[in-house]
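Chain and residue survey
Below, each chain spelled out in residue letters.
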Amino acid sequence: MEESVKILTDESEAKISSCATISDLNDIRVRVLGKNGELTALLKSMKDLPPEKRPQAGKIVNAAREKLEQAIAARQAELEQIELDKRLRDEKIDISIDMRQPASGGLHPLTIMRNRITEFFSSLGFVIADSPEIETDYYNFEALNIPADHPAREMQDTFFITENILLRSQTSAGQVRMMEKVKPPIKMLSPGRVFRADEADATHSPVFHQVEGLVVDKGITMCDLKGILDLFAQKFFGKNTKTRFRPSYFPFTEPSVEVDASCSQCGGKGCRVCKGTGWIEILGAGMVNRNVLQNCGINPDEYTGFAFGVGLDRITNIIFGINSLRTVFENDVRFLKQFN
Ligand SMILES: [Zn+2]
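Heads up: these notes are all about the structure in this document. Residue numbers run consecutively from 1 along every chain, following the written order of its sequence. Side-chain atom pairs in this predicted model are given and counted only at pLDDT of 80 or more, local residue features only at pLDDT of at least 70, and totals for whole chains, interfaces and linings cover all residues. With hydrogens and water excluded, all non-hydrogen atoms of the structure serve as input to the side-chain values.

As for the packing of aromatic side chains
Here a Phe, Tyr or Trp ring, Trp counted by its six-membered ring, pairs with any other such ring whose centre lies within 6.5 Å, and the pair is stacked when the planes are under 30 degrees apart, edge-to-face when over 60, and tilted otherwise. Applying the stated rule across the entire model yields 13 aromatic pairs. Aromatic pair F121 and F126: ring centres 5.1 Å apart, planes at 70 degrees, arrangement edge-to-face. Buried means the residue's accessible area, taken with a 1.4 Å probe over protein chains only, is under 20% of the maximum for its type, while exposed means over 50%, and partly exposed covers the values in between. Classification of F121 by relative accessible area gives buried; the value is 0%. Exposure remark for F126: the relative accessible area of 4% places this residue in the buried category. By way of ring pairs, the aromatic residues F120, F121, F126, F232, F236, F306 and F308 are connected into one cluster. Lying over the aromatic face of Y139, R177 brings its terminal NZ or CZ to 4.0 Å of the ring centre. Charges are assigned to positions over rings by a cutoff of 6 Å between ring centre and Lys NZ or Arg CZ, combined with an angular limit of 35 degrees from the ring normal.

Here's what the structure looks like:
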């Protein structure tokens, strides 16, 4: 009897320690310690022993049971730990792993320049005003002193939608809307897209950008215009920049001027950038035509004003040294990346 218990115990212990899963371990428990298990069978067979040997045999069987139960519990703890480790390993998410960084975008050079210009004029008290890109003939031409038979209409090839509705060819249209609504003093800046039926080439595009400024108040003179534009030129082309006015013609200003800035590349001596002249044309300007003020319900004997229009695309090209207007519109990523 004692021998049988020892064999069973040794065999079972070997199976327990080599058993790989908890369910296998349960099978062993049932097969050895269960109600119909092998050790239980040995216990039952005690009744065949002589009575004086039974207590000793009972002790041996119980000791074996206790030993096996402990072995099973120990193995179970081990297997549970192995299983837990495996789960932790399998289900691990490494949140520190390097992600592919999304490419960060940048502002378009035109946007960069528009922001700089509007910031500059805001700091001088100009109000930034928006106006429609689709305009009526009245606001785009008539009110700006360009009646139907005016030769100036031929200066611009306009996109007409109907006989009376068009894509605005100049941001000045928005100034008329402002002057109709607001009594002087007026100090406004209107940046925006304008449209003309031009073939696209290095210096022309059917859509381009203007930034137009307007000041109307009592006693405004050309000196005020010159003063503001000097500040503007010094801000964008360098501290020592000078400006000069050349006589010009626009229907909505009288007198009208083209404004040049001294070339910041060569300091006025003449170079490739200024085509040897020492000057770079930067904008058009003038004193608001009396007829325009009158059309907007402002008395030209009481108020005067000046207006100026900057070609945003042109200024952007000058500042960033871009050679062709086309590059600004083609949106080639390799080109745009330089401004990030
Ligand atoms: Zn130069």
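Resuming the write-up.
Let's talk about the coordination of the zinc ion
C263 (SG), C266 (SG), C271 (SG) and C274 (SG) make up the full set of protein donors to the zinc ion, lying at 2.2 to 2.3 Å. Metal sites are built from N, O and S donor atoms within 2.8 Å, or 3.2 Å for Na, K and Ca, and they leave out water, so they may look incomplete. Donor angles set the geometry label: tetrahedral for four donors if every angle is between 85 and 135 degrees, square planar for four and octahedral for six if opposite donors exceed 155 degrees and the others are between 65 and 115, irregular for anything else. For the zinc ion, the four donor atoms in the first shell make angles of 107 to 114 degrees at the metal, a pattern classed as tetrahedral. Residue C274 is classed as buried on the basis of its relative accessible area of 4%.

Concerning the packing of helix α5 (residues 109–123) against helix α8 (residues 222–237)
As a packed pair, α5 and α8 sit with axes 11 Å apart at the nearest point and diverge in direction by 135 degrees. Judged on the interaxial angle alone, α8 and α5 are oblique. Considering how the two elements wind past one another, α5 and α8 form a crossing that is right-handed. Along the contact surface, α5 presents M113, R116, I117, F120 and F121, while α8 presents I228, L231, F232, K235 and F236. Any residue that is not Ala, Val, Leu, Ile, Met, Phe, Trp, Tyr, Cys, Pro, Asp, Glu, Lys or Arg is counted as polar, Gly included; the first ten are nonpolar and the last four charged. Looking at the contact of α5 with α8 residue by residue, the class counts come to eight nonpolar, no polar and two charged. Think of each axis as a best-fit line through the C-alpha atoms, taken over the contacting stretch in the case of a helix, with angles from 0 to 180 degrees between the N-to-C directions. A helix here means a DSSP run of H or I that spans at least four residues, while a strand means a run of E at least two residues long, and both kinds are numbered starting from the N terminus. Here roughly perpendicular refers to angles of 65 to 115 degrees, roughly parallel to angles under 35, roughly antiparallel to angles over 145, and oblique to all remaining angles. Two helices cross in a left-handed way if the nearer one is turned anticlockwise from the farther one by less than a right angle. They cross in a right-handed way if the turn is clockwise. Any pair of residues with heavy atoms lying within 4.5 Å of one another is described as a contacting pair.

Overview of the sheet that holds strand β4 (residues 186–195)
In short, DSSP must find at least two bridges between two strands for them to pair. What the seven strands build is an open sheet, ordered β1-β4-β5-β9-β8-β7-β6; its pairing is mixed. A strand with exactly one partner marks an edge of an open sheet, and here the two such strands are β1 (127–128) and β6 (243–250). Pairing analysis gives seven bridges linking β6 to strand β7 (residues 253–262), with the strands arranged antiparallel. By the bridge assignment, R246 is partnered in β7 with E258. Against the sheet, helix α10 (residues 312–320) touches β5 (207–217), β8 (279–288) and β9 (304–311), its axis set at about 55 degrees to β9.

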